[in-house]
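Observations on the three-dimensional arrangement
Here is what each chain is made of, one letter per residue.
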Amino acid sequence: MMRRVICTLALLASLPAQAITPAAEQEVQALLRWVGQTGCTFIRSGSSYDAKAAQEHLTMKYGKARDKIKTTEDFINEVASKSYLTGQPYTVRCANQAEQPAKNWLYAELKRQRSKSSP
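Figured I'd write up the structure that's included with this text. (Residues numbered from 1 in each chain as written. Predicted model: local features only at pLDDT ≥ 70, side-chain atom pairs only at ≥ 80, totals over all residues. Heavy atoms only, no water.)

**Focus: unusual backbone geometry**
Rules: Secondary structure counts use DSSP, requiring at least four H or I residues in a row for a helix and at least two E residues in a row for a strand, with both numbered from the N terminus.
Even without a glycine there, the phi angle at Ser 45 is positive, about 50°. Here Ser 45 is to be found in the loop between β1 (41-44) and β2 (47-49). Residue Asn 96 is not a glycine yet carries a positive backbone phi of 60°. Summarising the element assignment, Asn 96 is placed in the loop between β3 (91-93) and β4 (100-101).

**Examining helix α4 (residues 72-79)**
Applied cut-off: The buried label applies to any residue whose accessible area, calculated with a 1.4 Å probe on protein chains only, is under 20% of its type's maximum; exposed applies above 50%, and partly exposed to all values in between. What the arc covers is the set of directions going from the helix axis to the C-beta atoms. Contact between two residues is taken to exist if any of their heavy atoms lie within 4.5 Å; hydrogens are not considered.
All of the buried residues along α4 are Thr 72, Phe 75, Ile 76 and Val 79. All buried residues of α4 project into a common sector of 110° when viewed along the axis, lining one side. On its buried face, α4 sits against α2 (22-37), α3 (51-65) and α5 (102-117).

**Some thoughts on the state of the cysteines**
Rules: Here, a disulfide means two cysteine sulfur atoms that sit within 2.5 Å of each other.
A complete count under the given rule lists one disulfide for this structure. For Cys 40, the disulfide goes to Cys 94, at an S-S distance of 2.0 Å. Residues Cys 40 and Cys 94 are joined through a disulfide that is right-handed, its torsion about the S-S bond being 110°. Separated by 54 residues along the polypeptide, Cys 40 in the loop between α2 and β1 and Cys 94 in the loop between β3 and β4 bring together distant segments of the chain. We classify Cys 40 as buried; its relative accessible area is 9%.

**Re the side chain of Gln 55**
Turning to its location among the elements, Gln 55 is positioned in helix α3. Among residues more than four places away in sequence, those in contact with Gln 55 are Leu 32, Arg 33, Val 35 and Gly 36.

**Some thoughts on the nonpolar core**
Inclusion rule: Here, the term nonpolar core denotes a set of buried Ala, Val, Leu, Ile, Met, Phe, Trp, Tyr and Cys residues that are joined through side-chain atoms within 4.5 Å.
Within the largest apolar cluster, 25 residues are counted, with the highest numbers of intra-cluster contacts made by Tyr 62 and Phe 75. Listed by contribution, the elements that provide at least two residues to this core are α2, α3, α4 and α5. The element that contributes the greatest number of residues to this core is α2, accounting for five residues. Discounting chain neighbours no more than four positions away, the residues touching Tyr 62 are Ile 20, Glu 25, Val 28, Gln 29, Leu 32, Ile 69, Phe 75 and Val 79.

See the structure below:
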């Protein structure tokens, strides 16, 4: 377990330092809330997690990488789509839908949220 923590911290430290924009921070927080409310199953490193556990995990990862993230796309690509330890992509399984990469799932929701907030 300690080895995983050290590896995660080392990988996070290797990302270039940035500051997230206020608009991106709002989008990331909206995505995190949405993840926790979907009722979908989140698959990472071969194990399944419910939506609330997925939200907690992504929130923890975001907290550790926050100073390295500038955009919502950075959050999706660098934090929410794959394991830092294995590089293995996360997937999501929702009712009445085929399992899909978390990256695609999150981008679709980001697009939906942005279109909803556009004038």
